[in-house]
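One letter stands for each residue in the lines below.
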Amino acid sequence: MCETSGQDASDLICGGYQERLDFNEDGQLTQADVTALTTLMNQAGFRSILLGDVDGDWVIDGDDLTALSGQIGKEWGNASFYPQADIDQDGIVTTEDYDLLDAYLK
């Protein structure tokens, strides 16, 4: 467990290792830091590997359902295949994957 008492929120000390978590440098750890991190990762070319996060914004929501619908019929080996859209991991994006993500979001 990290000791945070008396420290600035941007620096957490855990076993001698310092983590920078305040990505927007406002002195608070909030959703804004997640957004800032997402922006930095997207700018660096990182793609989400979070199953179901089809649009790559590190959040699973209705936008991913929309993005998944554009992936239906794509399979491993296809250059435009997104593994995050293959919810059941059978190698092809189908309406079953859509239904699984839709059920998760409800």
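Please read these numbers as outputs of a predicted model, since none were measured by experiment.

(A) Unusual backbone geometry, seen in detail. Unusually for a residue other than glycine, tryptophan 58 sits at a positive phi of about 70°. With respect to the element layout, tryptophan 58 can be found in the loop between α1 (31-43) and α2 (62-69). The phi dihedral of glutamine 89 is positive, around 55°, even though this residue is not glycine. Structurally, the position occupied by glutamine 89 is in the loop between α2 and α3 (95-105).

(B) Representation of the pattern of salt bridges in the model. Applying the stated rule across the entire model yields one salt bridge. Between aspartate 102 and lysine 106 there is a salt bridge, with the nearest N and O atoms lying 3.4 Å from each other.

(C) Quick peek at a nonpolar patch on the surface. Together, Phe23, Leu37 and Leu40 make up a nonpolar patch on the protein surface, roughly 230 Å² of accessible area in all. Turning to its location among the elements, leucine 40 is positioned in helix α1.

(D) Seen up close, the side chain of aspartate 64. The topology assignment puts aspartate 64 in helix α2. For aspartate 64, a relative accessible area of 0% gives the class buried. Excluding its chain neighbours within four sequence positions, the residues that come into contact with aspartate 64 are Gly52, Asp53, Val54, Asp55, Gly56, Asp57, Val59 and Leu101.

(E) Seen up close, the packing of α2 against α3. Direction vectors running N to C along α2 and α3 enclose 175°, while the axes themselves pass 10 Å from each other. One way to sum up the angle between α2 and α3 is to call them roughly antiparallel. Along the contact surface, α2 presents Gly62, Asp64, Leu65, Leu68 and Ser69, while α3 presents Asp97, Tyr98, Leu101, Asp102 and Leu105. Its residues assigned to classes, the contact of α2 with α3 comprises five nonpolar, two polar and three charged.

(F) Region of the structure containing the confidence of the model for the chain. Within the chain, residue pLDDT values average 78, and 75% of them lie at 70 or more. This model gives residues 3-18 a pLDDT under 50, and the stretch forms 24 contacts once residues within four places in sequence are excluded.

(G) Main features of the environment of glutamate 75. In this structure, glutamate 75 sits in the loop between α2 and α3. Taking the relative accessible area as the measure of exposure, glutamate 75 reaches 41% and is therefore partly exposed. Once the C-alpha coordinates of glutamate 75 and valine 93 are considered, the two residues, 18 residues apart in sequence, prove to be 6.2 Å apart. Leaving out residues up to four positions away in the same chain, glutamate 75 has contacts with Phe81, Gly91 and Ile92.

What counts, and at which threshold
For every chain, the first residue of its written sequence is number 1, and the numbers climb from 1 along that sequence. Per-residue local features are limited, in this predicted model, to residues with pLDDT of at least 70; the limit for side-chain atom pairs, both in listing and counting, is 80 or more; totals at the level of whole chains, interfaces and linings are taken over all residues. The side-chain quantities take in all heavy atoms of the structure and omit both hydrogens and water. Think of it this way: any DSSP run of H or I at least four residues long counts as a helix, any run of E at least two long counts as a strand, and we number them from the N terminus. Salt bridges are defined as contacts in which a side-chain nitrogen from Lys or Arg sits within 4 Å of a carboxyl oxygen from Asp or Glu. Patch criteria: residues need more than 30% relative accessible area and no salt bridge. Like-charged residues are merged within 9 Å; nonpolar side chains of Val, Leu, Ile, Met, Phe, Trp and Tyr are merged within 5 Å. What sets the accessible areas is the Shrake-Rupley method with a 1.4 Å probe; for residues, cover comes only from the shown protein chains. The buried label goes to any residue with under 20% of its type's maximum accessible area, the exposed label to any with over 50%, and the partly exposed label to all in between, with areas taken from a 1.4 Å probe on protein chains only. Should any heavy atoms of two residues lie within 4.5 Å, those residues are considered in contact. Here an angle of 0 to 180 degrees is reported between the N-to-C directions of two axes, which are lines fitted to C-alpha atoms, with helices fitted over the stretch in contact. For classification purposes, an angle smaller than 35 degrees is called roughly parallel, one larger than 145 roughly antiparallel, one from 65 to 115 roughly perpendicular, and anything else oblique. All amino acids are sorted into three groups, where Ala, Val, Leu, Ile, Met, Phe, Trp, Tyr, Cys and Pro are nonpolar, Asp, Glu, Lys and Arg are charged, and the leftover types, Gly among them, are polar. Think of pLDDT as the predictor's per-residue confidence, scored from 0 to 100.

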